[in-house]
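# Examination of the molecular architecture
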Amino acid sequence: MSTFVHLVADYGPADPAFSEVVHRLTAADPTMTVQSTEVQPFSTVATGFWLAQLGVHNPSFDDLLIYSNTAPRTTESTPERADTGGPLCYLELDNGVPVVAVDAGYNLSFIADHATTFREVELPADTGQFRSRDLFPRRVAEIANGNRSSLGAERSLADVPAPPESVVCHVDGYGNVKTSIRTSAFDPGRDTVVVELNGESREVVVRDAVSAVPEGALAVVPGSAGGGDPYQELFLRGGSAAAAFGQPEPGDELAVRA
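Residues numbered from 1 in each chain as written. Predicted model: local features only at pLDDT ≥ 70, side-chain atom pairs only at ≥ 80, totals over all residues. Heavy atoms only, no water.

Counted according to the given criterion, the structure contains 5 aromatic pairs. Plain terms: the ring middles of Phe49 and Trp50 are 5.4 Å apart, the flat faces sit at 90 degrees to each other, and that makes the pair edge-to-face. Trp50 matches Phe49 in its accessibility class, with the two residues each being buried. By way of ring pairs, the aromatic residues Phe49, Trp50, Phe110 and Tyr231 are connected into one cluster. (Phe/Tyr/Trp six-rings, centres within 6.5 Å; stacked < 30°, edge-to-face > 60°. Buried < 20%, exposed > 50% of the residue type's maximum accessible area, 1.4 Å probe, protein only.)

Here we take up empty space enclosed by the protein. Throughout the structure, instances matching the rule amount to 1 cavity of 30 Å³ or more. Taken as a whole, the largest cavity encloses approximately 40 Å³ of empty space. Every residue lining the largest cavity is listed: Thr179, Ile181, Phe186, Val193, Val195, Val220, Leu234, Leu254 and Val256. Breaking the lining of the largest cavity down by element, the ones donating at least two residues are β9 (177–182), β10 (192–197) and β14 (254–257). Looking at the lining of the largest cavity, its residues break down into 8 nonpolar, 1 polar and no charged. (1 Å grid on protein atoms, 1.4 Å probe; cavity = no way out; pocket = protein on both sides within 12 Å on 5 of 7 lines; lining within 4 Å. Points joined across faces, edges and corners; volume = space filled by probe spheres on them. Helix = DSSP H or I, 4+ residues; strand = E, 2+ residues; numbered from the N terminus. Nonpolar A, V, L, I, M, F, W, Y, C, P; charged D, E, K, R; others polar.)

Right, let's get into the sheet that holds strand β3 (residues 64–69). With mixed pairing, 7 strands are arranged side by side in an open sheet as β2-β1-β3-β5-β4-β6-β7. Two strands close off the open sheet at either side, each with one partner strand: β2 (33–38) and β7 (151–154). Mean inter-strand twist for the sheet, computed between neighbouring axes without regard to direction, equals 25 degrees. (Pairing = 2+ DSSP bridges. Axes fitted to C-alpha atoms, helices over the stretch in contact; angles between N-to-C directions.)

A low pLDDT score tells you not to read the predicted coordinates there in detail. With 93% of its residues at a pLDDT of at least 70, the protein chain reaches an overall mean of 92. Here residues 75–83 is modelled with pLDDT under 50, and outside its nearest four sequence neighbours on either side it reaches 6 contacts, counting other chains as well. (pLDDT = per-residue confidence, 0-100. Contact = heavy atoms within 4.5 Å.)

Per the stated rule, a full pass over the model turns up 10 salt bridges. In this structure, Asp103 engages Arg155 in a salt bridge whose closest nitrogen and oxygen atoms are separated by 2.7 Å. Taken as a pair, Asp103 in the loop between β5 (98–102) and β6 (115–121) and Arg155 in the loop between β7 and β8 (168–171) lie far apart in primary sequence, 52 residues in all. The exposure class assigned to Asp103 is buried, which follows from its relative accessible area of 18%. Arg155 gets classed as partly exposed once you look at its relative accessible area, which sits at 27%. For Glu142, the salt bridge is made with Arg139, and the minimal N-O distance between the two is 3.4 Å. Of this pair, Glu142 and Arg139 both sit in helix α4 (residues 136–144), 3 residues apart, which is roughly one turn of that helix. Accessibility expressed as a relative area gives 17% for Arg139, which makes it buried. Overlapping salt bridges, with partners in common, bring together Glu20, Arg24, Arg133 and Asp134 in one network. (Salt bridge = Lys/Arg side-chain N within 4 Å of Asp/Glu carboxyl O.)

Assignment of secondary structure puts Ser180 in strand β9. Not counting residues within four places of it along the chain, the set of residues in contact with Ser180 comprises Pro164, Glu165, Ser166, Val167, Cys169 and Tyr231.

Next up on the list: the domain arrangement of the protein chain. Examined at the domain level, the protein chain breaks down into domain 1 (4–159) and domain 2 (167–257). A separation of 29 Å is found between the C-alpha centroids of domain 1 and domain 2. Counting residues at the interface gives 9 residues for domain 1 and 13 residues for domain 2. Summed over the three residues of domain 1 that lose the most area to domain 2, namely Val45, Phe49 and His57, the buried surface amounts to 50% of that side. Summed over the shared surface of domain 1 and domain 2, the number is 2 residue pairs in polar contact (both at pLDDT 80 or more). (Domains from an automatic or database assignment. Buried area = accessible area lost by both parts, 1.4 Å probe. Polar contact = N/O pair within 3.5 Å; in protein donor to acceptor, adjacent residues only side chain to side chain.)

So this is what it looks like as structure tokens:
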């Protein structure tokens with residue numbers, strides 16, 4: 001059985017950790033194809049955003065599994081209780097796509113409304129320091145090949161936090177700033193607004209499409225992510241919106257004022 005695993009993780013730009021995880025996944029299943037998407041270190045907002053974009057807003061296909069390992073260790077470690085990070089969980093989306101991801105921060109927030117199954121993945125009692133390399137790939141390969149014997153207790157989707165309402169989710173290679181503001185919730189009632197982000201305040205034009213933004217103008221437009229109700233995006237025709245706002249990062253809050 002050939003499987004396609006899309007890996008979303010925060011190991012860092014060109015970090016060999018991606019190579020090690022791909023190596024372990026392939027060792028567990030030599031027929032597996034792995035595609036990697038990296039997000040900023042510790043950014044559960046960016047992780048959740050991409051889990052939804054890949055699992056919900058892009059077409060599903062047979063043998064696709066999305067695997068994420070962004071696991072910021074936010075609880076203080078002590079000699080009595082090692083900090084092992086959030087639990088590894090299994091979700092099945094309403095389009096049939098399986099997701100294996102660490103439940104931490106906003107990792108699951110953007111897909112929770114589309115999940116029909118939410119269970120913890122059981123791991124050995126002693127997971128070790130490098131569980132993302134030594135244990136997780138084995139479980140992912142098992143699940144991708146239909147072995148659900150590691151699925152444990154049901155978890156409540158009500159415990160997953162809602163997505164943040166007005167933050168940066170991703171900055172693409174062109175400097176476009178993708179936000180968590182849905183187009184359906186964005187109605188400024190005017191052609192220009194002031195956006196405050198990352199300590200910067202800029203007047204931007206409001207447009208319905210990128211094609212309607214004049215050269216050199218900074219705009220807020222429905223972006224390329226989010227499916228039928230796209231997220232609003234900051235866009236600078238002929239330049240970088242991210243540079244105009246001092247290079248914001250995922251999780252940074254923004255305010256839009258009339």
